[in-house]
Structures are given as C-alpha cells and as structure tokens.
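These are the residues of each chain, in order.
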Amino acid sequence: MSDASESSKARPDESGPIPLGPEPERPKPVPFKEGLLDEFDEDADLLSDPEVEAAIKGRPKTAKARPEDEKPKERLDFVLPMAGGWRLPAILGAVALATALVFNGLNTPFRPIALSVVKTLYETLMHTGTGVAAVMVASLLTERRFSRFEQAAGRMFLAVSAFALVVNLNVPIPGRIDEFVLAAVAYAGVVWSFFRLPARETLILMACHFGLWLAVAAGGLLSGALRPVAG
C-alpha cells in the first residue's frame, strides 16, 4: 500500500494541464512621448485627399479683392515744392509787371496813358486769379491734389506778368500777332520751368487757363458789342 501511494504522489495528475516551463515575459509597453503629435492640427481632416476632391469638384475660384480691401491710390501734388517758395516768383513777377507797365505807357497808342496802364495792371492781376483757378481745375482733371495755394499764385503771377511784358515791348516785327505768339512762348516757358510738371499735366494747365481767359474776353466783347437803342 505504501508503495502505491508513493507512486501516485510522484506522478502528476494526468487529468490536469502539463506544465511546459516558465512563461515568457511580456514586452513592456513603450511609454508615450510628449510632442509627437504636436505638429498635427486637431481639426485636420486626415481622411480626405485634396487632390481627389479637386479633380471631382473642380478647383475653387479665387475670390477677387473687393474695392474696399484694395489700398487707396496715393494722389500726387499738382503744385510741387520749390526752393524760394512763393516769394521768388512773386518778386520776379513784380519786376516783370513794373517793366510791362513802363513799356505800356511808352508804346500804347491809346489815350489817356494812365488809363491804359491801369488796364494792363488790372488784366494782369485778374488773369493771375484765373490762373490759380486753372490750377485747381487741372488738378481735378489729372487726379492730383491741389495744395500750396500761395506758391501756385506766385508762379501764375510771374507767368502772366511775363506775358504782359512781352506784349508791351513793341517788338519791331510787322503785325501785332507775332508779339502775342512770343508772349505765349514766354508764358509757357515760365509755367514749364516753375511748375515742373509732366508734358500732359502742363498742357492741361495751360489749356484750362486759356479757356478761362477766353471766357473773360468773350464777356468783355459781348459787353462792348451792346449798343443802346436809339429813342
């Protein structure tokens, strides 16, 4: 009996699992490293392909910039700054006007002489004003900013005085029309030299001034053409 019991103890129970040895160790999980997914946007769509969607739906149209989003165009000055400011052309204009009045008194065929001199002075000052108005109109037409009123007035005063001086010089050329042509050249030279604008803006300025001068002259001609009705 004892031998049977000992043999039964020595043999393992055949009905249970037979041990095969020690179980292998499971691999330890790799610890999560921070910063691996920091470069990815949380709201990014990782399932859709932009190239495939573009081929199916077509390329989206580029939105055009609205006028209010565009940068406003900077307006340039019509009257550019110049060394000497308004004083230099004003002094030169005063000298030219005084000389024109002297030559007008010496060469005018009209009497009284004083009235002819005053008429020349009045027309010079009046067309200086129309010249400043022409600068304002030309700045609007060329989309430039009108500024430096006193410098514009000084330059126009010099240009009109130069015109009056040449007209009253009594140049020894047959006919009075040539003196007006030379006076127009002197006027254009002053405008070109002192305003220093591009050719297009300079021509627009002189055309505006000529139009205003023509309007004033037409008014004078209409007034002179009126005659009282004989009673």
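Residues numbered from 1 in each chain as written. Predicted model: local features only at pLDDT ≥ 70, side-chain atom pairs only at ≥ 80, totals over all residues. Heavy atoms only, no water.

**Quick notes on a nonpolar patch on the surface**
- Where nonpolar side chains cluster on the molecular surface, the patch consists of Phe210, Trp213 and Leu214 and spans about 310 Å² of accessible area.
- Mapped onto the elements, tryptophan 213 comes out in helix 7 (residues 199-225). (Patch = residues over 30% accessible without salt bridge, like charges linked within 9 Å, V, L, I, M, F, W, Y side chains within 5 Å. Areas by Shrake-Rupley, 256 points an atom, 1.4 Å probe, with all protein chains shown as cover. Salt bridge = Lys/Arg side-chain N within 4 Å of Asp/Glu carboxyl O. Helix = DSSP H or I, 4+ residues; strand = E, 2+ residues; numbered from the N terminus.)

**Notes on helix 3 (residues 87-107)**
- For helix 3, spanning 21 residues, the distance from its first C-alpha to its last is 30 Å, which sits close to the expected 30 Å at 1.5 Å a residue.
- Along helix 3, the residues classified as buried are Pro89, Ala90, Gly93, Ala96, Leu97, Ala100, Leu101, Asn104 and Gly105. (Expected span 1.5 Å × (residues − 1). Buried < 20%, exposed > 50% of the residue type's maximum accessible area, 1.4 Å probe, protein only.)

**Notes on the packing of aromatic side chains**
- Counted according to the given criterion, the structure contains two aromatic pairs.
- A ring pair is formed by phenylalanine 163 and phenylalanine 180, whose centres lie 6.3 Å apart and whose planes are at 55°; its orientation type is tilted. Of this pair, phenylalanine 163 sits in helix 5 (residues 149-167) while phenylalanine 180 sits in helix 6 (residues 177-195), and the two are 17 residues apart along the sequence.
- A residue is classified by how much of its surface remains accessible, and phenylalanine 180, at 38% relative accessible area, is partly exposed. (Phe/Tyr/Trp six-rings, centres within 6.5 Å; stacked < 30°, edge-to-face > 60°.)

**So, the packing of helix 3 against helix 4 (residues 113-141)**
- Running from amino to carboxyl end, helix 3 crosses helix 4 at an angle of 150°, the nearest separation of the two axes being 9 Å. Taken together, the axes of helix 3 and helix 4 are roughly antiparallel relative to one another. Relative to helix 4, helix 3 is oriented so that their crossing is right-handed. The segment helix 3 lies against helix 4, with Leu97, Leu101, Asn104 and Gly105 engaging Ile113, Ser116, Val117, Thr120, Leu121 and Thr124.
- Grouping the constituent residues of the contact of helix 3 with helix 4 by class yields five nonpolar, five polar and no charged. (Axes fitted to C-alpha atoms, helices over the stretch in contact; angles between N-to-C directions. Parallel < 35°, antiparallel > 145°, perpendicular 65-115°, else oblique. Left-handed = near helix turned anticlockwise from the far one by under 90°. Contact = heavy atoms within 4.5 Å. Nonpolar A, V, L, I, M, F, W, Y, C, P; charged D, E, K, R; others polar.)

**Focus on the packing of helix 3 against helix 5**
- Direction vectors running N to C along helix 3 and helix 5 enclose 20°, while the axes themselves pass 8 Å from each other. Viewed along their axes, helix 3 and helix 5 adopt a mutual orientation that is roughly parallel. Crossing handedness for the pair helix 3 and helix 5: left-handed. Touching Pro89, Ala90, Leu92, Gly93, Ala94, Ala96, Leu97, Thr99, Ala100 and Phe103 of helix 3 are Gly154, Arg155, Phe157, Leu158, Ser161, Ala162, Ala164 and Leu165, all from helix 5.
- Here the residues of the contact of helix 3 with helix 5 are counted per class, giving 13 nonpolar, four polar and one charged.

Any link to function would need more than the numbers given here.
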